[in-house]
Structures are given as C-alpha cells and as structure tokens.
Amino acid sequence: MAEPTYRTLVILAKALVLATGTRISYAGIENVPERGGAVVAINHTSYVDWLPAALAMNRRRRRMRYMIKAEMQRVKVINFLIKRTRTIPVDRGAGAGAYAMAVQRLREGELVGVYPEATISRSFELKEFKTGAARMALEANVAIIPVIVWGAQRIWTKDHPKHIGRAKLPIMVHVGPPVPAVGDIAQTDAALREAMTGLLHEVQQRYPHPLGAYWVPRRLGGGAPTPAEAAQLDADEAAAKAASRAPHQSR
C-alpha cells in the first residue's frame, strides 16, 4: 500500500532523532511479526515515547496505527496527518466506533499501537491497565506485542520542562515476545502486565539511574513520586479538569 505521507513522517522522525543527537537502542525487534495483525502495547512515561516505538516497528518494515485522542482532530495539521496515516481517533465519551475500527484494522493485518495505562505515568512505573488491549486482541484473534520505551521521560514528561534540543539523551526500546490472547480478558490482561513488568525491570537494570533524579522511579532511588503519590496527583488533575468544564454557577 502506497502511503507517501507515512513514509515522509518516518524520514522526518529519523532526521529529528539525528538532529537532536538522541541515541535510540533497540532490542527484541525480531519479536515484531513480519506480517499479520497484532496489538502493540507500549508503556507511557512521556509525550514522545510514541516516536521511538514507531521507529522500532519501522525497523521491521511495519507501520503502526496509533489510537489518538479525538480532540487532536481540531488541530488542522494533525487532522490532515490522521486522515493520511490511518490513525484511529478515539472519542473518550463514545469510544465504540474507534474500538470497532481498531479491531477491523487488526483483522486486516495491521499493527495497532495502544497505551494500556491510557495516560502518562508520573511514577514511571506501570499504572493500572485499561482492558482495551486485551479485548481487542481477543476479538481480533491476534497476539499482543509488549514494548517498553525507557529514557523518553527525560525529554518531555508531565510536570517537568521539555529538553527537546540537542541533549543527546539515550532511549532504549525493548520489544518482548508476543503475548497470546487466550482465556478471558482478565487472564490476557494479567499476562500482558506480567510481560511488560519483566521487560521494564530488565531495561531499567541496563540504564544508568542517578540517585535523586526526577525521571528515576523512587524504587530505584530517584525523585519521582511513588505510585500512590502519582495516583493522587492524577486524581487532583482530573478533578481540576472536571471543575473547569463544569458550567459556572450563577451567583
């Protein structure tokens, strides 16, 4: 399938990596199937971790179709790209249509990229998973490919300044063996979480973690919030957003 816009984006992404001096290392690329559909489940620590994950798939000559917040369609340039890269917009208030589209893409032999945690993890540990990845894999009868991206949180994450210049930061992408979608949703979800947890810890062992650094999990001696503290920050953020959306009460 000819997709000039997608090819152009890949070229631009690789040029951006070179321009910023970002050093991306890959492991387990052979676990990406050469053909056929699969759900690609990625941990979420950064606003930019989608890029190294997509480049990992590209090394296997595969294109990944991300599911993206429907609100992004309001941005004209992004809406243009969504339409020409088979990206799947998700309306969080009515996601059935996006879910059906994702299952159809999987059945057509596509890779569909999802974040099981849904939102960025402030603790840089795995948050609770949503069940979408497991449900899609079971319905489409495809495997789930677990992917850990580590180091991207140093470039741009929640609550901290961006470091998008030529910082020459290392990023590691580790692709794990496929997790078969078997049994029920809970079983598949638990198997995925176990696989991603093992991968995350393996990658962390190979990456230097300065004591007290904000991007290092508390478990490893870093300054990141604990999972419990991060959950409270998430809850506070959600409450603030809800309050801002509520109609102002007349006095």
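Data block above holds the structure.
Residues numbered from 1 in each chain as written. Predicted model: local features only at pLDDT ≥ 70, side-chain atom pairs only at ≥ 80, totals over all residues. Heavy atoms only, no water.

(A) Molecular detail of the overall build of the chain. Summing up its helical and strand segments, the chain has seven helices and seven strands in all. Along the chain, from the amino end to the carboxyl end, the secondary structure elements read α-β-β-α-β-α-β-α-β-α-β-β-α-α. Scaling as 2.2 N^0.38, a compact globule of 251 residues should have a C-alpha radius of gyration of about 18 Å, and the chain matches this with 18 Å. Once the C-alpha set of the chain is aligned to its principal axes, its extents read approximately 55 × 50 × 40 Å. In the chain, which comprises 251 residues, the share counted as buried stands at 46%. Counted over contacts in the chain with a minimum sequence separation of 6, partners at least 24 positions apart contribute 74%. Side chains of the chain carry 35 positive and 21 negative charges; the gap between the two charge centres is 9 Å. (Helix = DSSP H or I, 4+ residues; strand = E, 2+ residues; numbered from the N terminus. Rg over C-alpha atoms; globule rule 2.2 N^0.38 Å. Buried < 20%, exposed > 50% of the residue type's maximum accessible area, 1.4 Å probe, protein only. Contact = heavy atoms within 4.5 Å. Lys, Arg positive; Asp, Glu negative; His and termini not counted. Charge placed at Lys NZ, Arg CZ, Asp CG, Glu CD.)

(B) View of the packing of aromatic side chains. Per the stated rule, a full pass over the model turns up three aromatic pairs. Summarising the aromatic geometry, the rings of Y66 and Y115 are spaced 6.4 Å apart at their centres and angled 20 degrees between planes, so their arrangement reads as stacked. Here the residue Y66 occupies a position in strand β3 (residues 64-69), and Y115 occupies one in the loop between β5 (111-114) and α5 (132-140), the gap between them amounting to 49 residues. Judged by its relative accessible area of 13%, Y66 falls in the buried class. Note on Y115: relative accessible area 19%, which makes it buried. An angle of 80 degrees between the planes, with centres 5.8 Å apart, marks the rings of Y207 and W215 as edge-to-face. In this pair, the class of Y207 matches that of W215, namely buried. K162 extends its terminal NZ or CZ atom over the ring of W156, reaching a point 5.0 Å from the ring centre. One cation-aromatic arrangement involves R193 over F129; the distance from NZ or CZ to the ring centre is 4.9 Å. (Phe/Tyr/Trp six-rings, centres within 6.5 Å; stacked < 30°, edge-to-face > 60°. Lys NZ or Arg CZ within 6 Å of the ring centre and 35° of its normal.)

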